[in-house]
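Topology and contacts: notes
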Amino acid sequence: MVTPIRALQAGAARIGTGELDQRIDVRTGDELEALGDQFNSMAAQLKESYAGLERKVEERTHELTESLERQTATGEILRVISSSPTDTQPVFDAILDSATRLCSARHGILFLYDHGAFRTVACRGLSPEAERVFREPVHDPADDGPGRMLAERRPIQIADVTDDIAYRQGDP
């Protein structure tokens, strides 16, 4: 009788210190064995609950980190706007710098839609040849990035331009 009680006592103490993988093994065929099984069940539930909480904390930390990065980018852009009230180019450069950083992109193009055409106002990471191509105004964007931006009224990120349908069809 003393040995199973001591095993329960020691097992409960280990569970209490966070050792949730350990099992209490009492083979008495009575209430003490049932109590040991209950401790084991409780430890498994605690472990599952702990894993769920860790996952939620990790997700929330990721969300907060992204939010802070967006707020920092917004602050940087607002600082540039206030320091360049008459010159828009530094603002466009700051917007594209922030966008490429937030998207972890190596290349970026910022278009301005003006009088029925898209005009490139900033580029990052493009070869001189590609930049010359994209500096030409786009009047009929169809299904390429600028056209999708116009149709969807939101920024567009093309993860790999060589996989993009407009690129494969021969559009720049």
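Structure's up top.
One structure accompanies this document, and this report is about it.

The rules behind the values
- Residues numbered from 1 in each chain as written.
- Predicted model: local features only at pLDDT ≥ 70, side-chain atom pairs only at ≥ 80, totals over all residues.
- Heavy atoms only, no water.
- Helix = DSSP H or I, 4+ residues; strand = E, 2+ residues; numbered from the N terminus.
- Rg over C-alpha atoms; globule rule 2.2 N^0.38 Å.
- Contact = heavy atoms within 4.5 Å.
- Areas by Shrake-Rupley, 256 points an atom, 1.4 Å probe, with all protein chains shown as cover.
- Lys, Arg positive; Asp, Glu negative; His and termini not counted.
- Charge placed at Lys NZ, Arg CZ, Asp CG, Glu CD.
- Salt bridge = Lys/Arg side-chain N within 4 Å of Asp/Glu carboxyl O.
- Expected span 1.5 Å × (residues − 1).
- Buried < 20%, exposed > 50% of the residue type's maximum accessible area, 1.4 Å probe, protein only.
- Polar contact = N/O pair within 3.5 Å; in protein donor to acceptor, adjacent residues only side chain to side chain.
- Core = buried A, V, L, I, M, F, W, Y, C linked by side-chain atoms within 4.5 Å.
- Phe/Tyr/Trp six-rings, centres within 6.5 Å; stacked < 30°, edge-to-face > 60°.
- Pairing = 2+ DSSP bridges.

1. Remarks on the overall build of the protein
Regarding its fold elements, the protein presents six helices and two strands. Walking the protein from its N terminus toward its C terminus, one meets helices and strands in the order α-α-α-β-β-α-α-α. Computed over the C-alpha atoms, the radius of gyration of the protein is 30 Å, more than 25% above the 16 Å expected from 2.2 N^0.38 for a compact globule of 172 residues. Its C-alpha atoms give the protein principal-axis dimensions of about 90 × 40 × 25 Å. Once local pairs closer than 6 in sequence are excluded, the contacts in the protein between residues at least 24 apart make up 32%. Carbon together with sulfur atoms contributes 54% to the accessible area of the protein, which is approximately 12300 Å² in total. In the protein, 20 positive and 30 negative side-chain charges are present, and the distance between their average locations comes to 3 Å.

2. Details of the pattern of salt bridges
Close approach of charged atoms allows side chains of opposite charge to pair. A full pass over the atoms with the stated rule returns nine salt bridges. Between R27 and E33 there is a salt bridge whose closest N-O contact spans 3.8 Å. Overlapping salt bridges bring together D25, R27 and E33 as one network.

3. Focus: helix 2 (residues 31–83)
The end-to-end C-alpha distance of helix 2 is 76 Å, a good match for the 78 Å that 53 residues give at a rise of 1.5 Å each. Of the positions making up helix 2, those classed as buried are L32, E33, G36, N40, A43, G52, A73, I77 and V80. Structurally, helix 2 contributes buried residues whose contacts are with helix 1 (2–16) and helix 3 (89–102). Its side-chain oxygen placed 3.0 Å from the backbone nitrogen of L32, D30 serves as the N-cap of helix 2.

4. Observations regarding the nonpolar core
With seven residues, the main nonpolar core is built from L8, I15, L20, I24, V26, L32 and A43. Counting residues per element, the ones that place at least two in this core are helix 1 and helix 2. Residues in contact with I24, not counting those within four places in the same chain, are A7, L8, G11, A12, I15, G36, F39 and N40. Among the nonpolar cores identified, the runner-up in size contains five residues, and F92, L110, V121 and A122 belong to it.

5. Topic: the packing of aromatic side chains
Per the counting criterion, the structure on display carries two aromatic pairs. Residues F111 and F118 carry aromatic rings whose centres are separated by 6.1 Å and whose planes lie at 80 degrees to one another, so their mutual orientation is edge-to-face. The exposure classification of F111 matches that of F118, with both residues buried. Aromatic rings pair up to connect F111, Y113 and F118 into one cluster.

6. Concerning helix 5 (residues 145–152)
Inspection of helix 5 places G145, P146 and G147 among the buried residues, and these make up the whole buried set. Contacts made by the buried residues of helix 5 are with strand 1 (108–114) and strand 2 (117–124). Of the residues one or two after helix 5, R153 is the one with positive phi, at around 55 degrees.

7. Considerations on the pairing of strand 2
A large share of strand 2 lies buried, amounting to six of its eight residues. In the sheet, strand 1 pairs with strand 2 via seven bridges, with the strands oriented antiparallel. Along strand 2, the bridge assignment pairs L112 with R119. Counting the residues between successive antiparallel strands, the hairpin from strand 1 to strand 2 contains two residues, one of them, H115, with a positive phi of roughly 55 degrees.

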